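# A structural walkthrough
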Amino acid sequence: MSNLLFDPIKTQASVTDSVIVGFSGGKDSVVTLDLCFKFFKKVQPFFMYLVPNLKFQEKMLMWYEKRYKINIMRIPHFEVSNFLKYGSFTLYDENVDIVRINDIYNYVRIDTGIHWIAAGERCADSIVRNAMIKKSGSIDRKRGRFYPLAYWKKDDVLQYIKYKKLYLSPEQKSLGFSFRSLAGNELSVIKENYPDDFNKIKKIYPFVEAAIERFKKYGKK
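Everything numeric in this text was worked out from a predicted model, so none of it was measured.

### Let's talk about the overall build of the protein
- Counting secondary structure elements, the protein contains eleven helices and six strands.
- Taken against the 2.2 N^0.38 rule, which gives 17 Å for 221 residues, the C-alpha radius of gyration of the protein at 18 Å falls within 12% of a compact globule.
- Principal axes of the C-alpha set define a box for the protein whose edges measure 50 × 40 × 35 Å.
- Per-residue burial for the protein yields a buried fraction of 50% across its 221 residues.
- Looking at charge distribution, the protein has the averaged site of its 38 positive side-chain charges lying 4 Å from that of its 24 negative ones.

### Section: the nonpolar core
- Core analysis: the biggest nonpolar cluster contains 32 residues, and Val 19, Val 31, Tyr 64 and Trp 152 have the highest contact counts within it.
- Secondary structure elements with two or more residues in this core: β1 (18-22), α2 (27-39), β2 (42-49), α3 (55-68) and α7 (154-164).
- No other element matches α2, which puts five residues into this core.
- Within the second largest apolar cluster, 17 residues are counted, among which are Leu 182, Ile 190, Tyr 205 and Ala 211.

### Regarding the pairing of β2
- Counting buried positions along β2 gives six out of eight residues, so the element sits mostly inside the fold.
- Across five bridges, the pairing between β1 and β2 is parallel. Within β2, the position partnered with Gly 22 by the bridge is Phe 46.
- For the segment spanning β1, α2 and β2, crossover handedness is right-handed.
- Where β2 and strand β3 (residues 73-76) come together, four bridges link them in parallel fashion. For Phe 47, the partnering residue across the bridge sits in β3 and is Arg 74.
- The β-α-β motif built from β2, the intervening α3 and the parallel element β3 has right-handed crossover chirality.

### A look at the packing of helix α9 (residues 184-193) against helix α10 (residues 195-204)
- Between α9 and α10, whose axes approach to 5 Å, the crossing angle comes to 130°. As summarised for this structure, α9 and α10 are arranged oblique, according to the angle between their axes. From α9, Leu 187, Ile 190, Lys 191, Glu 192 and Asn 193 reach across to α10, where they touch Pro 195, Phe 198 and Ile 201.
- Among the residues forming the contact of α9 with α10, the class breakdown is five nonpolar, one polar and two charged.

### Some points on the packing of aromatic side chains
- Under the definition given, this model contains twelve aromatic pairs.
- When the ring of Trp 63 is compared with that of Tyr 167, the centres are 5.6 Å apart and the planes differ by 25°; the resulting orientation is stacked. You can see Trp 63 sitting in helix α3 and its partner Tyr 167 sitting in the loop between α7 and α8 (172-175), a full 104 residues away along the chain.
- In this structure, Lys 38 is placed above the aromatic ring of Phe 6, and the distance from its NZ or CZ to the ring centre is 5.6 Å.
- The lysine or arginine in question, Arg 180, covers the ring of Phe 177, its NZ or CZ lying 3.8 Å from the ring centre.

Conventions adopted
- Residues numbered from 1 in each chain as written.
- Predicted model: local features only at pLDDT ≥ 70, side-chain atom pairs only at ≥ 80, totals over all residues.
- Heavy atoms only, no water.
- Helix = DSSP H or I, 4+ residues; strand = E, 2+ residues; numbered from the N terminus.
- Rg over C-alpha atoms; globule rule 2.2 N^0.38 Å.
- Buried < 20%, exposed > 50% of the residue type's maximum accessible area, 1.4 Å probe, protein only.
- Lys, Arg positive; Asp, Glu negative; His and termini not counted.
- Charge placed at Lys NZ, Arg CZ, Asp CG, Glu CD.
- Core = buried A, V, L, I, M, F, W, Y, C linked by side-chain atoms within 4.5 Å.
- Pairing = 2+ DSSP bridges.
- Right-handed = clockwise from strand over helix to strand, strands pointing away.
- Axes fitted to C-alpha atoms, helices over the stretch in contact; angles between N-to-C directions.
- Parallel < 35°, antiparallel > 145°, perpendicular 65-115°, else oblique.
- Contact = heavy atoms within 4.5 Å.
- Nonpolar A, V, L, I, M, F, W, Y, C, P; charged D, E, K, R; others polar.
- Phe/Tyr/Trp six-rings, centres within 6.5 Å; stacked < 30°, edge-to-face > 60°.
- Lys NZ or Arg CZ within 6 Å of the ring centre and 35° of its normal.

See below:
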């Protein structure tokens, strides 16, 4: 692993000593979090959930809280407002206000008093992210965001995880990424491996079985 990969976060640490980290438990976010604790004096992670207190997610969050001796903020994912307002696998409620990602960022910034947010986006993720990071650089001053892994490849990330013995959320063994939506392929994995957590999901989204059945029949997410 080239030492040049650490140049962005070294530069970012010269801008501020405090940073918020958007944390999902996925491979990019766990490396971003670990790097931030290495280079910044104050680090506050936040985790966005679709359903609160899912055991497999809490196990991962508590592992990192113990490792870094911190409290990770738990916040409803901004997509939840869309699910509830428009009735995604539940009855719709027109009284729900739509929440956007910038609303989440503003809330966390006000709550913590920290401006800069570190995220795990990489140029190698997609054409869109490559263009985004190329336009702003690894420090996006306009949006108040850092990209510590801007120029990392997937192999670099996996090598770092292995070297630092970082914990990945367990559902990734089946999904390849952390639980992030109500798509049928994701819900199928949760139902099979974490039935108690799936029942928690059904309490909020009682019709999610439909997504699983659609996935089984058509192979669509």
